[in-house]
Amino acid sequence: MKNLLNGLSTPKKLAAIALLLGVLALIIGNSNNRNKISVNANEIALSTINDQDKISVNTLADWLIKGNADFTLVDLRTEKEFNEYNIPTSVNIKMEELLSSNLRRNQKYLFYGSDDIASAQAWFILKSDGYKGVYILKGGMNSWKNQILYPERAAIITSDDSLKFEKIKEVSLHFGGTPGIQISGQTTNTAPTQINVPQVPKLSTPLGTTTKKKKEGC
Amino acid sequence: MMPLYKFNFFGMDASLVIAVIIGIGFGFALERGGFGNARILAAQFYFYNMRVLKVMFTAIVTAMLGLFYFTWIGWLDLSLVYTTDTFLVPQIVGGLILGIGFVIGGYCPGTSVVSAATGRYDGMSFFVGFFFGVFVFGEIFPLIENFYNSTPMGRVLLPEFFGISHGMVVFLVVVMALGAFAAAEWGEKVRFKITGRVKE
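Looking only at helices and strands, chain A features eight helices and eight strands. The 218 residues of chain A split such that 20% are buried. Considering only contacts in chain A between residues 6 or more positions apart, those separated by 24 or more positions represent 68%.

The number of helices and strands found in chain B is eight helices and two strands. For chain B, the sequential pattern of α-helices and β-strands runs α-α-α-β-α-α-α-β-α-α. Burial statistics for chain B: of 200 residues in total, 16% are counted as buried. The contacts of chain B with a sequence gap of at least 6 include a subset with a gap of at least 24, amounting to 65%.

Turning our attention to the sheet that holds strand β3 (residues 91-92) of chain A. All names here are of chain A. Sheet architecture is open: five strands sit in the order β1-β5-β4-β2-β3, paired in parallel fashion. Looking at which strands have only one partner, the edges of the open sheet turn out to be β1 (54-55) and β3. Of the strand pairs in this sheet, strand β2 (residues 71-75) and β3 are connected by two bridges, and their pairing is parallel. Counterpart to D75 in the pairing with β3 is N92.

Right, let's get into the nonpolar core. Residues and elements named next belong to chain A. Formed by 26 residues in total, the largest nonpolar core has its most connected members in V74, L110, F111 and L137. Only α4 (57-66), β2, β4 (108-112), α6 (117-128), β5 (134-137) and α7 (140-149) provide two or more residues apiece to this core. If we ignore the near neighbours within four places in the chain, the residues touching L110 are I55, L60, F71, L73, V74, Y135 and L137.

This part covers unusual backbone geometry. Residues other than glycine seldom take positive phi values, yet T89(A) does so here, at roughly 75 degrees. Relative to the helices and strands, T89(A) resides in the loop between α5 (79-84) and β3. According to the C-beta neighbour criterion, T89(A) is partly exposed, with 16 such atoms within 10 Å. Residue T151(B) is not a glycine yet carries a positive backbone phi of 40 degrees. In this fold, T151(B) is placed in the loop between α6 (121-148) and β2 (152-154).

So, on to the packing of helix α5 (residues 109-117) of chain B against α6(B). Residue and element names in this part refer to chain B. Direction vectors running N to C along α5 and α6 enclose 135 degrees, while the axes themselves pass 7 Å from each other. Considering their axes alone, α5 and α6 lie oblique with respect to each other. Crossing handedness for the pair α5 and α6: left-handed. Residues P109, S112, V113, S115 and A116 of α5 form the contact with α6, whose participating residues are D122, G123, M124, F126, F127 and F130.

Packed helices, taken two at a time, are described by the angle between their axes plus the distance between the axes. Residue and element names in this part refer to chain B. Helix α8 (residues 166-195) packs onto helix α3 (residues 51-73) with a crossing angle of 160 degrees between their chain directions and a minimal axis gap of 10 Å. Judged by the angle between their axes, α3 and α8 are roughly antiparallel. The two elements α3 and α8 cross, and the hand of that crossing is left-handed. Residues L53, K54, F57, I60, V61, M64, L65 and F68 of α3 form the contact with α8, whose own contacting residues are H166, V170, V173, V174, A177, A180, F181 and A184. Taken together, the residues that form the contact of α3 with α8 break down as 14 nonpolar, one polar and one charged.

Reading predicted coordinates in detail is not appropriate for stretches of low pLDDT. Averaged over all residues, the pLDDT of chain B equals 87, while 98% of them reach at least 70. Model confidence for the complex is summarised by a pTM of 0.55, with the ipTM given as 0.74.

With that out of the way, let us pick up the interface of chain B and chain A. Of the residues lining the interface, 24 residues belong to chain B; the matching set on chain A comes to 22 residues. Those elements that place two or more of their residues in the side of chain B that touches chain A are α3 and α8 of chain B. Of all the elements, α8(B) adds the most residues to the side of chain B that touches chain A, at nine residues. Classifying every residue of the side of chain B that touches chain A by side-chain character gives 14 nonpolar, eight polar and two charged.

To continue, consider α7(A). Residues and elements named next belong to chain A. When α7 is considered as a whole, its buried residues turn out to be G140, M141, W144, Q147, I148 and L149. Mapping the buried residues of α7 onto a view down its axis gives an arc of 155 degrees, with all of them on the same face. Buried residues in α7 make contact with α4, β4, α6, β5 and α8 (159-174).

In this sheet, β4(A) lies alongside β2(A) in parallel orientation, the contact comprising five bridges. Within β4(A), the position partnered with T72(A) by the bridge is Y109(A).

Moving on, we come to α6(A). All names here are of chain A. Over its 12 residues, α6 extends 17 Å from the first C-alpha to the last, a length consistent with the 16 Å expected when each residue adds 1.5 Å. Taken as a whole, α6 has its buried residues at S119, A122 and W123. Seen along its axis, α6 keeps its buried residues to an arc of 105 degrees; they face one direction. Residues of α6 that are buried in the fold lie against β4, β5 and α7. G130 sits one or two positions beyond α6 and adopts a positive phi of about 90 degrees.

With that settled, the discussion passes to the confidence of the model for chain A. Residue and element names in this part refer to chain A. Here chain A averages 76 in pLDDT, and 77% of its residues register 70 or above. Note on residues 191-198: pLDDT under 50 across the span, and nine contacts to partners over four residues away in sequence or across chains. Of the regions scoring below 50 in pLDDT, residues 204-214 engages in 11 contacts with residues more than four places distant in sequence or in other chains.

So, how was this worked out
Residues numbered from 1 in each chain as written. Chains lettered and ligands numbered in written order. Predicted model: local features only at pLDDT ≥ 70, side-chain atom pairs only at ≥ 80, totals over all residues. Helix = DSSP H or I, 4+ residues; strand = E, 2+ residues; numbered from the N terminus. Buried ≥ 20, exposed ≤ 12 C-beta atoms within 10 Å, placed from the backbone. Contact = placed C-beta atoms within 7 Å. Pairing = 2+ DSSP bridges. Core = buried A, V, L, I, M, F, W, Y, C linked by C-beta atoms within 7 Å. Axes fitted to C-alpha atoms, helices over the stretch in contact; angles between N-to-C directions. Parallel < 35°, antiparallel > 145°, perpendicular 65-115°, else oblique. Left-handed = near helix turned anticlockwise from the far one by under 90°. Nonpolar A, V, L, I, M, F, W, Y, C, P; charged D, E, K, R; others polar. pLDDT = per-residue confidence, 0-100. Arc of directions from axis to C-beta. Expected span 1.5 Å × (residues − 1).

Below is the structure:
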């Protein structure tokens, strides 16, 4: 046996090792199951209690105005809803395509649906799969509409509140919304244009697009 | 757990430094393998020096066995390793164009850089030519964009495509490589007997 090994040249020895490993691979079959994930339940429960992964719509509006772009805004609603109106710079990804849509583990993602439910589900799926930078837009699109696009203030307010509302109004107008004043249940618009039925503004900023080919690899 | 970059072991900046180091290592290995020489590379296409086939298949088998066993041990999540999406027809056409350029010029993009770095003029001119090609491609891209994105098949992997196990693919590729090595050695011997020509 020893003589046989000594008689072989190095390339032949390496070839024999490769063949051996190849045969072993045949026996092993599949090396992993990529859909099986392990979850650290404690860690997930903790971050739920701390509320640290939730971003309010006001913070988001602030980021968008300042052009803060170290996160990707992801719309989880249907394509139809997304095309009707979406928060500027967002991209549309379906829930079932989350894990296969090449989200990067080292980037931040802010999710929103109509309310909190879809984004919370997406948050859980991605957190369980080891994604770190996953955030939820508190209240989702409903909050965005109520607080950013169509903010309302009570008819009688203090001057302090009035100043605050002026700020909110500016933000609202920036995103094409219509701020209003609440008078005994009814709302009067303070914006120049009168829109009775809350109608979503036209999209002025181009939609975020998902790139077809990734800029990775050679 | 690998891939290290996707598991946040280092950031974008550090990854660029690592990429440069790996790139230099790759270039060094190519040069030492004789791949900075257009004659050796082009000889592959005329079957009188099978070095390209041997080196490439060795690299493929080594990397494949490494990836397979690392995944099996649990060091690597193979599903996170980037693979280019398949766009069948445009990639076949692109492969043919690259192949024609390879036969004519004697280099592929990577080896032309190696050759240029060792001071060869043919390598340098090839290098300039390939940047000219990139420029032309960029300029005409709007015209060919539809074709470029045609026949998309997504992420296609052989085990899933053929419905066989991962290990089976590994085994078949190893057998194919060993067969190719044996055939290459034999072919070189036969050619030497007939022509008396020593491989370069």
